[in-house]
Amino acid sequence: MTSDEYEYPALQIEDGRKLFASEVNFVKGVVNMKGLPPADRPEIAFAGRSNVGKSSLINALFNRKQLARASAQPGRTQEINFFTILEAMYVVDLPGYGYAKAPKAVVEKWTAFTNNYLRGRTNLQRVFLLVDSRRGVGDVDRGIMKTLDRAAMNYQIVLTKADKLKKSELDKVIEGAVEAIKKNPAAHPRIMMTSSEKGLGLPELKAEIVALL
């Protein structure tokens, strides 16, 4: 499901389904730039504030319950977690931002690490920026958008928990997201809407990802 009701070709939808039904493995959790795996294949990353439903969305895409694990305390995950599909693509789970029950120095350290990753990862094709539909694009989200713009890193907004809103409410959130990216040169123009619980928008998101291979 997308903001402009774009219909993905049936073949692309099927290719996306096959990709995410394939073998997926956890590669490693990384805490510094030296620990990054070789940039030897296409890579996508999921970013979003804590509690946005990032782990739930990754698990839903792969139809796995425990592939990506949410921290018991929001904001405490300090690793960049790498998964690989068929050894052909990296899927990256970035630490949640905007909320952290951790010392300021620790937060600053992993924030700097994440920013360095976004600026320096040459094989990173796109960042999928998750935004809670119930909140809309907020100041914290705009901050990461500015970081991505400065890094000239292509990113696309994915609204999560879209099933929690009425259509009229969701339409307003979409309008706000479209307005938010108008002056952001690195933003993809199409806003995607998803629900991990209901499966809404997952085939389209898989189709968008497979096209980056």
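Residues numbered from 1 in each chain as written. Predicted model: local features only at pLDDT ≥ 70, side-chain atom pairs only at ≥ 80, totals over all residues. Heavy atoms only, no water.

## Notes on the pattern of salt bridges
Counted under the stated rule, the structure contains 14 salt bridges. Of the charged contacts in the structure, one is a salt bridge between K54 and D93, with a shortest N-O distance of 2.5 Å. Residue K54 is found in helix α2 (residues 54–62), and its partner D93 is found in strand β4 (residues 89–93); the two are separated by 39 residues along the sequence. By relative accessible area, which is 10% here, K54 ends up buried. Two residues, R134 and D132, come together in a salt bridge whose shortest N-O distance is 3.1 Å. Classification of R134 by relative accessible area gives partly exposed; the value is 48%. One network of salt bridges, with partners in common, ties together D40, R41 and E87. (Salt bridge = Lys/Arg side-chain N within 4 Å of Asp/Glu carboxyl O. Helix = DSSP H or I, 4+ residues; strand = E, 2+ residues; numbered from the N terminus. Buried < 20%, exposed > 50% of the residue type's maximum accessible area, 1.4 Å probe, protein only.)

## Observations regarding helix α4 (residues 139–150)
In this model α4 runs 17 Å from its N-terminal to its C-terminal C-alpha over 12 residues, within 8% of the 16 Å that 1.5 Å per residue would give. Inspection of α4 places D141, I144, M145, T147, L148 and D149 among the buried residues, and these make up the whole buried set. Those residues of α4 that are buried lie in contact with α3 (104–120), β5 (124–132), β6 (155–160) and α5 (167–181). A positive backbone phi angle near 55° is found at A152, which sits one or two residues after α4. (Expected span 1.5 Å × (residues − 1). Contact = heavy atoms within 4.5 Å.)

## Comments concerning the packing of α2 against helix α6 (residues 202–210)
It is at 10 Å that the axes of α2 and α6 come closest, and there the two elements cross at 85°. With respect to their mutual orientation, α2 and α6 come out roughly perpendicular. Side by side, α2 and α6 meet where L57, A60 and L61 of the first sit next to L202, L205 and K206 of the second. When the residues that make up the contact of α2 with α6 are grouped by side-chain class, the tally is five nonpolar, no polar and one charged. (Axes fitted to C-alpha atoms, helices over the stretch in contact; angles between N-to-C directions. Parallel < 35°, antiparallel > 145°, perpendicular 65-115°, else oblique. Nonpolar A, V, L, I, M, F, W, Y, C, P; charged D, E, K, R; others polar.)

## Some points on the packing of aromatic side chains
Following the criterion strictly, the structure yields six aromatic pairs and no others. Judged by centre distance (4.9 Å) and plane angle (50°), the rings of F20 and F62 are tilted. Here F20 is found in helix α1 (residues 10–20), whereas its partner F62 is found in helix α2, with 42 residues between them in sequence. With a relative accessible area of 4%, F62 lands in the buried category. When the ring of F82 is compared with that of Y117, the centres are 6.3 Å apart and the planes differ by 90°; the resulting orientation is edge-to-face. Taken together, the residues F82 in strand β3 (residues 80–85) and Y117 in helix α3 connect sequence positions 35 residues apart. Classification of Y117 as buried rests on a relative accessible area of 0%. Aromatic rings pair up to connect F82, Y90 and Y117 into one cluster. (Phe/Tyr/Trp six-rings, centres within 6.5 Å; stacked < 30°, edge-to-face > 60°.)

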